[in-house]
Each structure stands twice: as C-alpha cells, then as structure tokens.
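Topology and contacts: notes
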Amino acid sequence: NSGGVITVDNTADTLNGSINAGGNVTLDTAALIDVNGTVTAVEALTVNTTGAVDIDDNLTGDSVDINGDGGISLAGDVRGTNQDVIFRDALTVDDDSTVTSENGNLTFENTIVGPSALNAFADSGTVNFEDSVGIVGTIALDSLLVTASEANVAGNISADNDVRFAGTEQVN
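The paragraphs below set out a description of the structure included in this document. (Residues numbered from 1 in each chain as written. Predicted model: local features only at pLDDT ≥ 70, side-chain atom pairs only at ≥ 80, totals over all residues. Heavy atoms only, no water.)

1. Some points on the environment of Val146
Structurally, the position occupied by Val146 is in strand β19 (residues 144–153). Spatially, the C-alpha atom of Val146 lies 6.2 Å from that of Arg164, the residues being 18 residues apart in sequence. (Helix = DSSP H or I, 4+ residues; strand = E, 2+ residues; numbered from the N terminus.)

As structure tokens, then:
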C-alpha cells in the first residue's frame, strides 16, 4: 500500500503480490513484465516494456496504458475508472477477460487473438479496434462482446462463437 507514486524500473519485473497506490503506478523495463497480483492505482497505471507483458490478475487505474513490444497476454480484467484504457501492442486473450473504460474510451491499437472470450466496455465512450480481431490462420477469440456509445472497427472481426455489439449506438 502506498499513498504516492510507485515506479518499478528493473531488468525484469514479476509481481506476485498486490500493489495499491494512492497515486500513479508505472511498471517500466526492457524485459518481461509478469503481473500475478492485483495492481490498483488511484491515478494513472502505466505498463511499458520492449519485452512482453503477461497479465494474470486484475489491473485498475484512473487511466490504463499498456505497451508491450513483445506482445500482451491477458488473463484478467483491466479497468480505467475515469479516463482512457489503451492496449498499444498485439493482444492475446488467454482467459475470459473484461476490459472497461468507465468514463473514457477503450482503444486496441494492434491485433487481438484468442483463445478465450473478450468483453470490451466503454458505456459512455468509444471502443476502437485499430487492427484485426481474430485473425484468420491464428487462434480466434472464443467470443467478443462490445458495449459502448460508439465502436470504430478498422479491420476484420471474427470469433469462434458470438460477436455482439450490445447497446452500442453506432458501429463504424
């Protein structure tokens, strides 16, 4: 528990316990970032590496920005409480997961593959898919559920089961 800012800057980061910060949390390294415990930040939560990011628990921040040049694996839930949530690199959904931006936008800047289900919620904002979801010839998502005021789709979307835009007023 911390009332301020937590910055982890190492050659490799494995988080097996929980982090609760009253300020910002920044995980920044040139190697694998392996998250095996909850991470909660009252302010911004930033995960940045030139390696891979493996998220096996829940992440929550005022805003959440995840950059893993070696790819991002998700087997937990990610929630932005007040601002945007951004996944900057290729995402593999390893277990059923929900990504939520409560009062902002949700952006996936790269490809998304499965094998599990992904729920993408931005009830008062926009969900942006800037690349393909469920790429042919790779492991497709099991299912995709999107709930948002608006959704922007730049590539193909496919899943082994349902693809639904529930309560989404506009899909571009």
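2. Description of the pairing of β19
When a strand is regular, its side chains alternate between the sheet's two faces. In terms of strand pairing, strand β18 (residues 118–129) meets β19 through nine bridges, oriented parallel. Of the residues in β19, the one forming a bridge with Leu118 is Leu144. Inspection of the sheet shows β19 paired to strand β20 (residues 163–165) by three bridges, in the parallel sense. Bridge pairing in β20 links Leu144 to Val163. (Pairing = 2+ DSSP bridges.)

3. Section: the nonpolar core
Core analysis: the largest hydrophobic core is formed by 37 residues, its most contacted members being Ile66, Phe87 and Phe108. Looking at this core element by element, the count peaks at five residues for β18. When near neighbours in sequence (up to four residues on either side) are disregarded, Ile66 contacts Val47, Val53, Ile55, Leu59, Ile72, Val78, Ile86, Phe87, Arg88 and Asp89. (Core = buried A, V, L, I, M, F, W, Y, C linked by side-chain atoms within 4.5 Å. Buried < 20%, exposed > 50% of the residue type's maximum accessible area, 1.4 Å probe, protein only. Contact = heavy atoms within 4.5 Å.)

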